[in-house]
Amino acid sequence: MSSVLRPAISGQDPLMANKYRPISSHLAITPPVSVVIPAMNEAENLPYVFKTLPGWIHEVVLVDGNSTDNTVEVARELWPDVKVVEQRGKGKGDALITGFEACTGDIIVMVDADGSADGNEIVSYVSALVSGADFAKGSRFANGGGTSDMTPIRKLGNHVLCAAVNAKFGARYTDLCYGYNAFWRHCLDKIDLDCTGFEVETLMNIRVVKAGLKVQEIPSHEYLRIHGTSNLRAVRDGFRVLKVILKERSNRRALRRRPHAAQLDSGQGEVS
Ligand SMILES: Nc1nc2c(ncn2[C@@H]2O[C@H](COP(=O)(O)OP(=O)(O)OP(=O)(O)O)[C@@H](O)[C@H]2O)c(=O)[nH]1
Ligand SMILES: [Mg+2]
C-alpha cells in the first residue's frame, strides 16, 4: 500500500512557525492543528480516513487501543509522520485523553477511525475556532448535517439525552453523542477530563458549557462505518451517558452550595 497523502507543510519546521498556512481559498491560519484518531482494530478503515485528511494539518496522533490487527502498521504506511501512542487503560474516553496529552498543536480535532468522519470537514471546524469559538462541536442534526449511521433507537436515545443536557445545563445543542469535534488546546485546562468510555463526548459538551466557553455547532455528516463492527452498545453506553449527566448536575449543585458553606465556615452566614 502506498502513502495516500503526505503533510504538505510541517508545523515542526521552525521556518514555518507563525507563518500563515492557506487552509481554503478564503482563509489562512497560523495555529498548528493536531488531529487525534482513536483506533481499535481499524486497519481496513484507515485508508479511507487518511485519504480525506487535509495536507495542511500539523500532526496526526493515532491512539491505538491494543489492536490485534495491523492498525499501527497501516497508519505508519499511510502517514509516515504519524505519532502513535498506546493507551494505558481501556475505552474511547481513555484513548482520547491519552491522545490529547500527546498533541503539540494549538488546535485539536477529534476524528473517528471507522470511516464515518470526512476529513474535508476539518476546515469548517478550524474556521469556527479561528473566528472566535473555543469549542467547535460537530452536529448531525444542525441544518446541513446528517447521518447514515444511526439506528432509530440510537437517534431517540441521543435526542432524549441531548434534551436533558439542554434543560439541565442551559445549552442549546442539537446533538450530544458525536465524536467529531475540535477545540483550542486551552479548553483542556478548563474541562479536566476524567472518564473512560463513550460518555467522553457528553462530558466534554457539558463541561465546556459549565466553564462558560464559547461553543459553535458545526453541521457534519456521519457516514456509515466502512468495515468492522461498532464498539458502542446502545443501552450500556446510553446509561453511562445518563450517569455522567446526573453526576455533572449534582456537582454543579454542590458547587453552587460551596460559597454558602464558606460563609457559614467563616461565621458570616446562618441557617435557621
Ligand atoms: N483506542 C481506542 N479506540 C477506540 C476504543 N473504543 C472505540 N474506539 C474508536 O473510537 C471510534 C468510535 O468507535 P465506534 O465503535 O465506531 O463507535 P460509534 O461511532 O459510536 O459506533 P458506530 O456508529 O457503530 O460506528 C472508532 O475509531 C473506534 O476504533 C478504545 O477502547 N480504544
Ligand atoms: Mg463509528
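Before reading further, recall that the structure is shown in the block above.
Treat the numbers as computed from the prediction; the structure is a model and nothing was measured.

**Q** Honestly, the nonpolar core in this entry has me stumped. Any pointers?
**A** Looking at soluble globular proteins, one finds that nonpolar side chains tend to be buried together. If you look at the biggest cluster of nonpolar residues, it comprises 37 residues, and the most contacted ones within it are I37, F50, L53, V109, V111 and I122. Among the elements of the structure, β3 (33–39), α1 (46–52), β4 (59–64), α2 (71–78), β6 (107–110), α4 (122–130) and β9 (181–184) are those that each provide at least two residues to this core. Top element by residues in this core is α4. It accounts for five residues. V61, I108, F169 and L213 belong to the second largest nonpolar core, which has 34 residues in total.

**Q** I keep staring at the pairing of strand β7 (residues 135–139) and nothing clicks. Help me out?
**A** Across a regular strand the side chains alternate sides, sitting on one face of the sheet and then on the other. Counted residue by residue, β7 has five buried out of five residues, so it is predominantly covered. Side chains F135, K137 and S139 project from β7 onto one buried face, and the interleaved A136 and G138 project onto a second face that is buried too. Here β7 runs beside β9; their pairing, made up of three bridges, is antiparallel. Looking at the pairing, A136 lines up with A182 of β9.

**Q** When you look at the pairing of strand β5 (residues 83–86) in this model, what are you seeing that I'm missing?
**A** Sheet topology places β4 next to β5; four bridges connect them, and they run parallel. Each residue of the ladder has a partner; that of L62, found in β5, is V84. Traced from β4 through α2 to β5, the parallel crossover comes out right-handed.

**Q** In this structure, what is going on with the sheet that holds strand β10 (residues 215–219)? I would like to understand it.
**A** Strand pairs in the sheet, formed through backbone hydrogen bonds, run parallel or antiparallel to each other. The seven strands are arranged β5-β4-β3-β6-β9-β7-β10 in an open sheet whose pairing can be described as mixed. Edge positions in the open sheet fall to β5 and β10, since each of these has one partner strand only. Sheet twist, expressed as the average angle between the axes of neighbouring strands with direction ignored, equals 20 degrees. Inspection of the sheet shows β6 paired to β9 by four bridges, in the antiparallel sense. Of the residues in β9, the one forming a bridge with M110 is N181. Across the sheet, α2 touches β3, β4 and β5, and the angle it forms with β4 is around 170 degrees.

Conventions and cut-offs
- Residues numbered from 1 in each chain as written.
- Chains lettered and ligands numbered in written order.
- Predicted model: local features only at pLDDT ≥ 70, side-chain atom pairs only at ≥ 80, totals over all residues.
- Heavy atoms only, no water.
- Core = buried A, V, L, I, M, F, W, Y, C linked by side-chain atoms within 4.5 Å.
- Buried < 20%, exposed > 50% of the residue type's maximum accessible area, 1.4 Å probe, protein only.
- Helix = DSSP H or I, 4+ residues; strand = E, 2+ residues; numbered from the N terminus.
- Pairing = 2+ DSSP bridges.
- Right-handed = clockwise from strand over helix to strand, strands pointing away.
- Axes fitted to C-alpha atoms, helices over the stretch in contact; angles between N-to-C directions.
- Contact = heavy atoms within 4.5 Å.

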